[in-house]
Amino acid sequence: MPDPRLNPAHGQAAQTRRVLRGDLLDFTADPGFALPDEAPGVRWRADHVLLIEGERIAAIQPASQPMPQDWADVPVTDHRGQLILPGFIDTHVHCPQLDVIASYGAELLDWLNTYTFPAERRYVDPLVAREGAERFLNALWAHGTTSAVVFPTVHKVSAEALFDMASARHMRLITGKVLMDRHAPEGLLDDVDQAEKDCVDLIDRFHGKDRQAFAVTVRFAPTSTPEQLTMAGRLCQAYAGTYMQTHVAENRDEVRWVSELFPTARSYLDVYDRDGLIGPRAVLAHGIWLDANDRAVLKAHGAQIAHSPSSNLFLGSGLFNWLEAEREGVNVSLASDVGGGTSLSMLRNIADAYKIQALQGVRLSAWKALYTCTLGAASHLGLADEIGRLEPGCMADVVVWNVAKGPVAEHRDEVAQQRLARVLHEHLHERIFAWVTMGDERNLVSTYVAGQCVHQAASVAQAAVQ
Ligand code: GUN
Ligand code: ZN
């Protein structure tokens, strides 16, 4: 049998090819808060094949259609009855906080001092940073997340470790050394000059290479001096392709503290805006306690709020008003915010997002939620040509899912499948909504990053060796 890695059409070594067969779900537009059966942009391709060549999606076609001649020898991985989606994009998550996820009984400022800061101090050690980065990226893949905007720690080595590990797998990662020069314990503080040098060095070495992008990473306003915020704004202006990530208006005590620390700022957001930190590549976690003026500023800049549902519930921070943000033109993405958040699973975070909206009388459809974790996030990050879609030419960051796992979910799925559907979308939404609401990482079958399989469920891996 010919080596499938050899492309006979060209008679030379070609890139690895693979074919995945299953039910493809992705989005071509924002479904918004429309009723599920009226939502635009839902693309459901039942029983299709996804042809992957090297790092990219080469073609997509119905499984019933004959394969292109030069793909005839490529083995097909049969996922019939399973879902194939673009990998999820987590727009705000903390690598070192896997050590403190699910810590008891504190609101934000207490939680930072009691659990988070002590854990982050350990990342000064390059070995801890490397092991932490490896554990973290493996965990993202095991939860179906293939791209992320990540906080490491204040230590340069913690950012280097993430960049190195993600580069090795050619994973789209956005990160940068955390800036914090006050109101944190010894061992977690930098200073303006050294921090600027470290950022410039990281930009030179990693930004724009191997799918890595640098983010100017201000922890939050209270842990940076005005001088450091000015320096951070200077970096954003000087290196236009970089991102900016931070926290804003998460918790009421935090907002009060910021108003005391920055009495001349109009608002918490204004602390960042007046130093030039808010632009189209700004990713601001939370934004629960912003006002209409702030939302107008975010809209004008095309900046995004990384809504972090499980974190907001767990830390008792508040209920994010997604519909209001949407109506006022603010870009919103979804994030796990682990370890304030309680799961890396975007499915679990979607389930929490649904409940947060339900408490405010709003229904979040599975379409809107899944769009937000895929094409929505990709668009807000300026990466829609690369990630978030199942489209020839896009990177093959792809995840295969079981719709139902366990007797209750399997029963629920059977009921959904049997129900007479008025229209396909309504029927489909019932199934998919039950999946996102009951599902988690145990539903995951396999994860591909840049065309390579980086994670397989234990049952799949076992079957492969038998
Ligand atoms: N605000 C400043 N730092 C943090 C953090 O690590 N997690 C959360 N949720 N909020 C923050
Ligand atoms: Zn956070």
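This text gives an overview of the structure that appears in the document. These figures come from a predicted structure and were not determined experimentally.

### Structural notes on the overall build of the chain
Next up, step 1: Of the regular secondary structure elements, the chain holds 15 helices and 18 strands.
Next up, step 2: Taken against the 2.2 N^0.38 rule, which gives 23 Å for 466 residues, the C-alpha radius of gyration of the chain at 22 Å falls within 12% of a compact globule.
Next up, step 3: Expressed as lengths along the three principal axes of its C-alpha atoms, the size of the chain is roughly 65 × 55 × 40 Å.
Next up, step 4: Counting the 466 residues in the chain, one finds 58% classified as buried.
Next up, step 5: In the chain, 76% of the contacts between residues at least 6 apart in sequence involve partners at least 24 apart.
Next up, step 6: Total accessible area on the chain stands at roughly 18200 Å², and carbon and sulfur atoms take up 50% of it.
Next up, step 7: Here the chain carries 42 positive and 58 negative side-chain charges, and the mean point of each set is 3 Å from the other.

### A short note on the coordination of the zinc ion (ligand 2)
Next up, step 1: Protein coordination at the zinc ion (ligand 2) comes from H92 (NE2), H94 (NE2), H247 (NE2) and D337 (OD), with a distance range of 2.0 to 2.2 Å.
Next up, step 2: Relative to the metal, the four donor atoms surrounding the zinc ion (ligand 2) lie at angles of 91 to 164°, and the coordination shape comes out irregular.

### Some points on the site of ligand 1
Next up, step 1: Neighbouring ligand 1 are the residues H94, Q97, L108, W111, L112, R219, F220, H247, E250, H286, S311 and D337.
Next up, step 2: At 3.5 Å, a side-chain N or O of H247 approaches a nitrogen atom of ligand 1.
Next up, step 3: Compared with its free state, where it exposes 280 Å², ligand 1 has 100% of that area covered by protein.
Next up, step 4: Per-element accounting of the shell around ligand 1 gives the leading share, three residues, to helix α1 (residues 108-121).
Next up, step 5: Looking at the shell around ligand 1 residue by residue, the classes come out as four nonpolar, five polar and three charged.

### Re the sheet that holds strand β3 (residues 17-27)
Next up, step 1: A sheet is described by the order of its strands in space; here seven strands give the open sequence β5-β4-β3-β6-β16-β17-β18, paired in mixed fashion. Edge positions in the sheet fall to β5 (56-62) and β18 (452-456), since each of these pairs with one other strand and no more. This sheet shows a mean twist of 35° between the axes of neighbouring strands, independent of strand direction.

### Details of the environment of L51
Next up, step 1: Among the structural elements, L51 can be located in strand β4 (residues 42-53).
Next up, step 2: Judged by its relative accessible area of 0%, L51 is buried.
Next up, step 3: Through-space distance from the C-alpha of L51 to that of M67 is 9.5 Å; in sequence the pair is 16 residues apart.

### Quick look at a nonpolar patch on the surface
Next up, step 1: Residues L313, L319 and L359 make up a contiguous nonpolar surface patch of about 270 Å² in total accessible area.
Next up, step 2: Mapping L319 onto the fold places it in the loop between α9 (309-314) and α10 (322-327).

### Remarks on helix α8 (residues 292-301)
Next up, step 1: Turning to α8, its buried residues are D294, R295, V297 and L298. For α8, the angular spread of buried residues about the axis comes to 155°, placing them on one side. For α8, exposure combined with an orientation more than 90 degrees from the buried face picks out K299 and A300.
Next up, step 2: Contact partners of the buried residues in α8: α7 (268-273), β13 (282-286), β14 (304-307) and α10.
Next up, step 3: The N-cap residue of α8 is D291: its side-chain oxygen and the backbone nitrogen of N293 are 3.1 Å apart.
Next up, step 4: Just past α8, the residue G302 takes up positive phi, approximately 70°.

### What about the side chain of T447?
Next up, step 1: In this fold, T447 is placed in strand β17 (residues 444-449).
Next up, step 2: Once you skip the residues sitting within four places of it in the chain, T447 turns out to touch W141, G144, T146, V398, V399, Q452, C453, V454 and H455.

Reading guide: rules and limits
- Residues numbered from 1 in each chain as written.
- Chains lettered and ligands numbered in written order.
- Predicted model: local features only at pLDDT ≥ 70, side-chain atom pairs only at ≥ 80, totals over all residues.
- Heavy atoms only, no water.
- Helix = DSSP H or I, 4+ residues; strand = E, 2+ residues; numbered from the N terminus.
- Rg over C-alpha atoms; globule rule 2.2 N^0.38 Å.
- Buried < 20%, exposed > 50% of the residue type's maximum accessible area, 1.4 Å probe, protein only.
- Contact = heavy atoms within 4.5 Å.
- Areas by Shrake-Rupley, 256 points an atom, 1.4 Å probe, with all protein chains shown as cover.
- Lys, Arg positive; Asp, Glu negative; His and termini not counted.
- Charge placed at Lys NZ, Arg CZ, Asp CG, Glu CD.
- Donors = N, O, S within 2.8 Å, 3.2 Å for Na, K, Ca; no water.
- Tetrahedral: all angles 85-135°; square planar, octahedral: opposite > 155°, others 65-115°.
- Near = heavy atom within 4 Å.
- Polar contact = N/O pair within 3.5 Å; in protein donor to acceptor, adjacent residues only side chain to side chain.
- Nonpolar A, V, L, I, M, F, W, Y, C, P; charged D, E, K, R; others polar.
- Pairing = 2+ DSSP bridges.
- Axes fitted to C-alpha atoms, helices over the stretch in contact; angles between N-to-C directions.
- Patch = residues over 30% accessible without salt bridge, like charges linked within 9 Å, V, L, I, M, F, W, Y side chains within 5 Å.
- Salt bridge = Lys/Arg side-chain N within 4 Å of Asp/Glu carboxyl O.
- Arc of directions from axis to C-beta.

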